[in-house]
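A look at the structure
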Amino acid sequence: MKVDGRKALVLGAGRSGVASVKFLSERGATVALHDRKPIAEWSDAARSLKEANGVGLIDGEIPSWLLDQIDLVVISPGVPTGSIPARYVDRKDGEVIGEVELAYRFLKGRMVGITGSNGKTTTTTLVGEILKDAGLNTLVGGNIGRPLIDLVAEADDDTWTVAELSSFQLETIVDLHPRVALCLNVTPNHLDRYDLFSDYAAAKHRIFMNQTPEDLAVLNADNEVTAGWASGLRAHVVMFSVVKELDEGLFLRGRELVSRSGGKERVLTTRDEIAIRGLHNVENVLAAMAAGLACGASPESMRETIARFRGVEHRIEFVDEVEGVRFYNDSKATSVDATLKALEALGEDAGKIVLLIGGRGKNAPYSPLVPLIEKSVRALVVYGEDGDNIASQLAGHAPIERAGSMADAVRLASEAAEASDSVLLAPACASFDMFGSFEERGRAFKAEVAKLALSEQAAAGDA
């Protein structure tokens, strides 16, 4: 892809946009960076591009005279592909791609691409650890950690790049071609961005669009959407299941995780050897092992990696125990289905659960939570933009408290909980009404739990 001499517009001044600007300007492009937020609210890294890289910074509306000069638009994941600048440049035969597509065109080696409504980050991180422990040259990034464009300089022909890919990122791919592609599940999510669930599912499906019969597609046999894709893909398909034995594929049988191929089977590991909680994480482990086998990791090496793997921050992360109440941070549960899985994962040994739920909603109904709320939840603490909507949908199924801040939410949850209960932050919503990211939300929760623990210790000392 020719970059030198091109006139590029990068949409979105977040981490991905900043990385794209640096990449393009260092290779000779004339670049402008745009975000609707006032420049004063941009990050220091974004604002510094003007002096350090000679980049034009634009907020608000983009003048049409500038769009007339642009021949390349790079869209950050948070910017809708139907935005006016992207549509304008596309109509005049300019090139419109996303950051991951830009990165792919320069990225050496092979790629494992991982998408799904839930479990992407855990599975991506685990696949990265599996490949590294197997002695393979491995990089990890995309929708987690480092933008894919930042990995280009480190990749060589022997590199496996393990990339988490969101539906937003997949909307703008053209040539991106994972040697191994995983779709963990597709459940209602981001319906604030997509008109129909089928549009969201179609974006996920794009991860397979450039694969060939020499490639591998890993699909969840238990998910209605992904199971229906198996017969229509060009790649060789491997399925995984936690509810049934498969003639070919990876599945859970009792406590054993089994691989069956060509009439032969092998026990790869057991549930007792998996440190991360929940049946949904058994799904993630099965998918990760399918990828690991495809890339050349040995079953013995994978078993050791899985036994050591403790999960990642903000995914059913144990925070602390205060006065007999356990606090868990699952800030990454940004959809109703993810919250459902978090409630299931804690299980009966968590006692009754006080659920912190709220934020910026995604137009998905909260009613699927009702059966588990009635079974497992002592109280709900709702907060954020969608708090009142959540309360109205879930009224009558558990006592509900309304919080105005994270500090307020943790205090109310602590007051509602009894000894041997658990407090779970699993918001079912995006974070952007009150926080800059789900990570910021999770760390705010943990900070408030730490304050609560200190206050209880001080009270005990005074006594």
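Look above for the structure.
To start, this report covers the structure provided alongside it. Since this is a predicted model, take the numbers as computed values, not measurements. (Residues numbered from 1 in each chain as written. Predicted model: local features only at pLDDT ≥ 70, side-chain atom pairs only at ≥ 80, totals over all residues. Heavy atoms only, no water.)

What follows concerns the layout of surface pockets. Counted as a void, the second largest pocket has a volume near 330 Å³. Of all the secondary structure elements, the ones that give two or more residues to the lining of the second largest pocket are α10 (224-227), α11 (279-295) and α13 (336-346). Its residues assigned to classes, the lining of the second largest pocket shows 8 nonpolar, 6 polar and 6 charged. (1 Å grid on protein atoms, 1.4 Å probe; cavity = no way out; pocket = protein on both sides within 12 Å on 5 of 7 lines; lining within 4 Å. Points joined across faces, edges and corners; volume = space filled by probe spheres on them. Helix = DSSP H or I, 4+ residues; strand = E, 2+ residues; numbered from the N terminus. Nonpolar A, V, L, I, M, F, W, Y, C, P; charged D, E, K, R; others polar.)

In this structure, Leu107 sits in the loop between α6 (99-104) and β6 (110-115). Residue Leu107 is classed as buried on the basis of its relative accessible area, which comes to 13%. Remark: the alpha-carbon pair of Leu107 and Thr159, spanning 52 residues in sequence, is separated by 9.4 Å. With residues up to four places along the chain from it excluded, the contact list for Leu107 reads Leu148, Leu151, Val152, Ala155 and Thr161. (Buried < 20%, exposed > 50% of the residue type's maximum accessible area, 1.4 Å probe, protein only. Contact = heavy atoms within 4.5 Å.)

Judged by pairing direction, the sheet is mixed, and its 9 strands sit side by side in the order β7-β8-β6-β9-β10-β11-β12-β13-β14 without closing on themselves. For this open sheet the edge positions go to β7 (138-142) and β14 (264-270), each flanked by a neighbour on one side alone. Taken over all neighbouring pairs, the strand axes of this sheet differ in orientation by 20 degrees on average, direction set aside. Relative to β14, strand β13 (residues 256-261) runs antiparallel, the two sharing 6 bridges. Bridge pairing in β14 links Val258 to Val267. The sheet strands contacting helix α7 (residues 120-133) are β6, β7, β8 (160-164) and β9 (180-183), and the helix crosses β8 at an angle near 170 degrees. (Pairing = 2+ DSSP bridges. Axes fitted to C-alpha atoms, helices over the stretch in contact; angles between N-to-C directions.)

The periodicity of an α-helix, 3.6 residues per turn, causes residues three or four positions apart to be oriented the same way. Turning to helix α5 (residues 84-91), its buried residues number three or more, namely Pro85, Ala86 and Val89. Angular distribution of buried residues about the axis of α5 spans 100 degrees; they occupy a single face of the element. Exposed residues pointing more than 90 degrees away from the buried face of α5 are listed as Ile84 and Arg91. At its buried positions, α5 is contacted by β1 (7-11), α4 (64-67), β4 (72-75) and β5 (95-98). (Arc of directions from axis to C-beta.)

Attention now goes to the environment of Asp337. Note that Asp337 resides in helix α13. Of the residues examined, Asp337 reaches a relative accessible area of 14% and is grouped as buried. For the pair Asp337 and Val325, spaced 12 residues apart in sequence, the C-alpha to C-alpha distance is 25 Å. Every residue in contact with Asp337, bar those within four places of it in the chain, is listed here: Asn118 and Thr187. Looking at Asp337, its side chain comes within polar contact range of the side chain of Asn118, at 2.6 Å. Among the polar contacts listed, one links the side chain of Asp337 to the side chain of Lys341, at a separation of 2.7 Å. (Polar contact = N/O pair within 3.5 Å; in protein donor to acceptor, adjacent residues only side chain to side chain.)

Once that is clear, we can look at the nonpolar core. Where a protein is soluble and globular, its nonpolar side chains tend to be buried together. Membership of the largest hydrophobic core comes to 56 residues, with the highest contact counts inside it found for Leu24, Leu33, Leu148 and Phe208. Residue contributions to this core peak at 5 residues, all from helix α1 (residues 15-26). Those residues within four positions of Phe208 in sequence are excluded, and the remaining contacts are Ala181, Leu182, Cys183, Ala217, Val218, Leu219, Trp229 and Leu233. (Core = buried A, V, L, I, M, F, W, Y, C linked by side-chain atoms within 4.5 Å.)

A few words now on unusual backbone geometry. Its identity as a non-glycine residue notwithstanding, Ile316 has a phi of 45 degrees, on the positive side. Residue placement: Ile316 occurs in the loop between α12 (299-308) and β15 (317-322). The residue Ser420 is not glycine, and still its phi comes out positive at about 80 degrees. For Ser420, the location among the structural elements is in the loop between α16 (406-416) and β20 (422-425). Assessed through its relative accessible area of 47%, Ser420 is described here as partly exposed.

Here the focus is the pattern of salt bridges. Applying the stated criterion across every chain, the model contains 29 salt bridges. A salt bridge links Arg6 to Asp71; the shortest N-O distance between them is 3.3 Å. Of this pair, Arg6 sits in the segment before β1 while Asp71 is found in the loop between α4 and β4, placing the two residues 65 residues apart along the sequence. What makes Arg6 buried here is its relative accessible area of 16%. The class for Asp71 is partly exposed, based on a relative accessible area of 29%. Where Asp272 meets Arg255, a salt bridge forms, and the shortest distance between an N and an O atom there is 2.9 Å. Of the two residues, Asp272 sits in the loop between β14 and α11 while Arg255 sits in the loop between β12 (249-253) and β13, which places them 17 residues apart along the sequence. Looking at Asp272, the relative accessible area reads 59%, which means it is exposed. The network of salt bridges with shared partners includes Arg6, Asp71, Glu95, Glu101, Arg105 and Asp175. (Salt bridge = Lys/Arg side-chain N within 4 Å of Asp/Glu carboxyl O.)

Let us look at the pairing of β12. Most of β12 sits inside the fold, with 4 of its 5 residues counted as buried. Hairpin connection from β12 to β13: 2 residues lie between these consecutive antiparallel strands, with Gly254 at a positive phi of about 65 degrees.

Within a sheet, neighbouring strands are paired by backbone hydrogen bonds and run either parallel or antiparallel to one another. Taken together, 5 strands build an open sheet; the order of strands is β3-β2-β1-β4-β5 and the sheet is parallel. Across the chains shown, the open sheet's two edge strands, defined by having one partner strand only, are β3 (56-59) and β5. This sheet shows a mean twist of 20 degrees between the axes of neighbouring strands, independent of strand direction. Where α5 meets the sheet, its contacts fall on β1, β4 and β5, and the angle it forms with β5 comes to roughly 135 degrees.

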